[in-house]
Structure formats: structure tokens, C-alpha cells
Amino acid sequence: MKKTSRNLLIPNIPKKKLLAYTLIAAAALAVFLFLWFWNSSHPVDYLIYDSQTISYDKGKVVEVLDEELQKENETSGRMLGTQKILVQMTSGAQKGRQIEINNVLSTAHNIPLSPGDSIIVKVDAPENAEPFYSVYNYDRTGGTILISIIFLLFLVFVGKSKGLRSALGIAFTLLLILFGLLPMLYHGYSPVLCCFGTILLTSTVCLSLLSGITQRTLINLASVLLGTGAVSLFYLLFTALLNLSGYNYEEAEELLVVSQNTGLGIGELLFVGVMVSSLGAVMDMTMSLSSPLFEMKSLKPEIKARELIDSGFRIGRDMSGTMSQTLILAFIGSSLTAMLVLRSYGVHFNQFLSSDYMAIEILHGIIGGLSVILSIPVTVLLSTWFLCKHGAPSRKK
């Protein structure tokens, strides 16, 4: 009875698994400690625009003092005009004060407000002059946190312990990109090396969290790295055919100024963006393929290599179509408004395909789909080689 009570309160985690998770946590902690020290010694000391007199502070609308609004048209339902609002500042130098702001609602900047709305206020406070206040946007901090919590709750509720480990993997990936990849790129480190370093660390931690430090994890990691390396060769070929590089990004003009001061490698940024965006799909494919192959070998030790390969390719073919379509549709969805704008300008078909924006989006979709496709033979062949040489690990209850 006592033992049952203890198991309900504290999960009975095997010692080997506990050791594996401890090692993963220690490795992740070591990575973040390194990044913390590195960022402390390498601060971002160059900004294109840095005004000490401007801040973006939080506030809450107390009252709409006056408004003159009219409908833009019958179809949109948006209101145009002006609002005079009273705002209670909740952060920044003006915290606790109530200020009046004229909120102009135009077609480009349309932020209709009502009492209780949380907003971000742009405060321009030059020296020896009265501050000027304007509405920057809605304060979406709370909403962003809320929808993230809802997503994580569903992930953990449906995935149980694996969902929790997936959430930890997502957190690790985001922090690594924000505090590792981006600062290093900004300071002029090799984008290619930074990209492969990010892929290696992300894959190692995320796959280990999901499967533990096991032989299957090593096979998955090798498959991800080999698949990524193979796709890199196609990236070089495709960018040569399309005459594309990071300089074709819309933001390249602004980054040129940064590059002159920090050494940022603009040309290779396209490679980083393409490879990082397809990494999740590649990890998903390798995990989804290796698991049934290991299970088949475990249940039927006498199974031949040919049978494993055939089964692996059959599973991979079923997955590759939907996975590739998912990636391509994701890129199409993200570029939908840009395509409508191009359409509105009466862009010709050949002009449309040859535009920098569309060429980059097409490259993203094709490389993402190709990453998934190439990971199939790599994972199947590696898993089969390992299983036929070493056998499947024993199944433990």
C-alpha cells in the first residue's frame, strides 16, 4: 500500500533513464552558461538606429474622452478618424501617470481603442522638451503568453511525458537560436558553421529528450546530419541555377550597413534560413521511420535486411507526400499576402517567378521537401545496417 502511494506521487523512473536525463540537462545547462558568458563578453555594440530618447512603454486605456470616427466602407467594417484617450501608464519612466493621447486611425495604422485595452505607447522624450506620446500598437504580451501556455498544455495533455519533453526541446531550440545563432551571426561568425553547430546541438538535445541516450537516438542523429549534408549540396546547386543568395533578401539593404560594421555574412544567410526552417521536418521523419524499423527487428529478430529496407521505404513513401506538401503549403501560406500584392500590380507570370521574393519562397519550399525525401533512404539504410549488424536493443518493460 505504501509503495503504491509513492508511485502515484513520484514516477518510478529507471536509473539509466534518470542518468540520461541528468546528462542531457547538464549538457543543456553547459551550453546556456557558455552562451551567457559569450553574450556578456560580446555585447551588440552597433545598431542602425538607436535613440536614447524613445521608449515603448505599457499602458491601459482608462477612458475614451472624445472620438470622431466613420466607417471606411461597408465591406471592411473598419473605422477611420481620431480618438482622444486617457491612458494609465503601467511601465517606464511615466509609470503611474495618466496621459492624454490623440490616436489617429488611418488605413495603414488602424488601432481602435476602448476602455480596458492594454496598449504599447511610443514615448518620445527629447531633452529640454515636452514628451510626445503616440499609440504604437496593442500590447500583445499577455495574449502571446496565454496562447503559448494553451499550446503547451495541449502538448503535455496529449503527449504526456513525451509532450513535456517536446516542450523542453522547443524551449531549448528557441533559446539557442535567440542567444546563440543570432548573436554569432550578427558578430560576423561564419553562417555555415553557426548553422551546422545549431543543427547539431538542437538535434542532439531534442532527439535525446524524446528517446533518451540510446542507440536509436544515435542513428537518428546520424541520419539528420547526413541528410542535412546531402541537402546542402542541392542547396548549392539550386542557388547557382537561380542566382540566389542572402543578398536577394528584402532586408539585405539594411543589413549591408550592419555588415560593414560587424562583418555579418549576408550572402550565407539564405543558407541558414533554409536549413533551420527544414530541420524540424527532418527530425520528425527520422524519428517516425526508425521507430517502426527497430520495433520490427525487436519483434521478429530473424527478419532480413531486404525486408527491413522494403518496409522502411513503404512507410517513408506514405509519409513523404504529406510531409512535403505540408512544408510547401506552409511557405505558400506565409507568402499569400505578398503574392496578392504582386497580382494587384499586374505582374506577368515570368516576372512573378523571377522576382527575388518568389524565388526565395520557392527555394524554401523545395529544399524543405527535398530534406524530407532525402532523409528517407538515409534513415532506412542506416537503421537497417545497424539492426542487421548489432540487432535491436532488448525490450524492457
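Residues numbered from 1 in each chain as written. Predicted model: local features only at pLDDT ≥ 70, side-chain atom pairs only at ≥ 80, totals over all residues. Heavy atoms only, no water.

1. Some remarks on the confidence of the model for the protein chain
Note: predicted coordinates in regions of low pLDDT should not be interpreted at a detailed level. Within the protein chain, residue pLDDT values average 89, and 96% of them lie at 70 or more. Element-level mean pLDDT values for the protein chain span from 44 in helix H1 (residues 2-9) up to 95 in strand S4 (residues 118-124). Low pLDDT (under 50) marks residues 1-10, which in the prediction has one contact with non-local residues, meaning those over four places away or in another chain. (pLDDT = per-residue confidence, 0-100. Helix = DSSP H or I, 4+ residues; strand = E, 2+ residues; numbered from the N terminus. Contact = heavy atoms within 4.5 Å.)

2. Side note on the packing of helix H3 (residues 141-186) against helix H4 (residues 191-211)
A pair of packed helices is characterised by two quantities: the angle between their axes and the separation of those axes. Where H3 meets H4, the axes come as close as 9 Å, and the angle between the chain directions of the two elements is 165°. Between H3 and H4, the crossing angle belongs to the class labelled roughly antiparallel. Read as a crossing pair, H3 and H4 show a hand that is right-handed. The residues of H4 that touch H3, namely those facing Lys 162, Arg 165, Ser 166, Leu 168, Gly 169, Phe 172, Thr 173, Leu 176, Ile 177, Leu 181, Met 184 and Leu 185, are Pro 191, Cys 194, Cys 195, Thr 198, Leu 201, Thr 202, Val 205, Cys 206, Leu 209 and Leu 210. Looking at the contact of H3 with H4, its residues break down into 15 nonpolar, five polar and two charged. (Axes fitted to C-alpha atoms, helices over the stretch in contact; angles between N-to-C directions. Parallel < 35°, antiparallel > 145°, perpendicular 65-115°, else oblique. Left-handed = near helix turned anticlockwise from the far one by under 90°. Nonpolar A, V, L, I, M, F, W, Y, C, P; charged D, E, K, R; others polar.)

3. A closer look at the side chain of Ser 259
Position of Ser 259 relative to the elements: it lies in helix H6 (residues 252-262). On the basis of relative accessible area, Ser 259 is assigned to the buried category, the value being 19%. Residues contacting Ser 259, with those up to four places away along its chain left out, are Leu 264 and Ile 266. (Buried < 20%, exposed > 50% of the residue type's maximum accessible area, 1.4 Å probe, protein only.)

4. A closer look at a negative patch on the surface
On the surface, Glu 250, Glu 251, Glu 253 and Glu 254 cluster together to form a negatively charged patch. Mapped onto the elements, Glu 251 comes out in the loop between helix H5 (215-242) and H6. Here Glu 251 falls in the partly exposed class, since its relative accessible area comes to 46%. (Patch = residues over 30% accessible without salt bridge, like charges linked within 9 Å, V, L, I, M, F, W, Y side chains within 5 Å. Areas by Shrake-Rupley, 256 points an atom, 1.4 Å probe, with all protein chains shown as cover. Salt bridge = Lys/Arg side-chain N within 4 Å of Asp/Glu carboxyl O. Lys, Arg positive; Asp, Glu negative; His and termini not counted. Charge placed at Lys NZ, Arg CZ, Asp CG, Glu CD.)

5. Considerations on empty space enclosed by the protein
Summed over the entire model, instances satisfying the criterion amount to one cavity of 30 Å³ or more. Volume-wise, the largest cavity comes out at about 40 Å³. The wall of the largest cavity is formed by Gly 227, Thr 228, Val 231, Met 275, Ser 278, Leu 279, Val 282 and Ser 371. Among the elements of the structure, H5 and helix H7 (269-299) are those that each provide at least two residues to the lining of the largest cavity. Ranked by the residues each element gives to the lining of the largest cavity, the list is headed by H7, at four residues. Considered class by class, the residues forming the lining of the largest cavity number four nonpolar, four polar and no charged. (1 Å grid on protein atoms, 1.4 Å probe; cavity = no way out; pocket = protein on both sides within 12 Å on 5 of 7 lines; lining within 4 Å. Points joined across faces, edges and corners; volume = space filled by probe spheres on them.)

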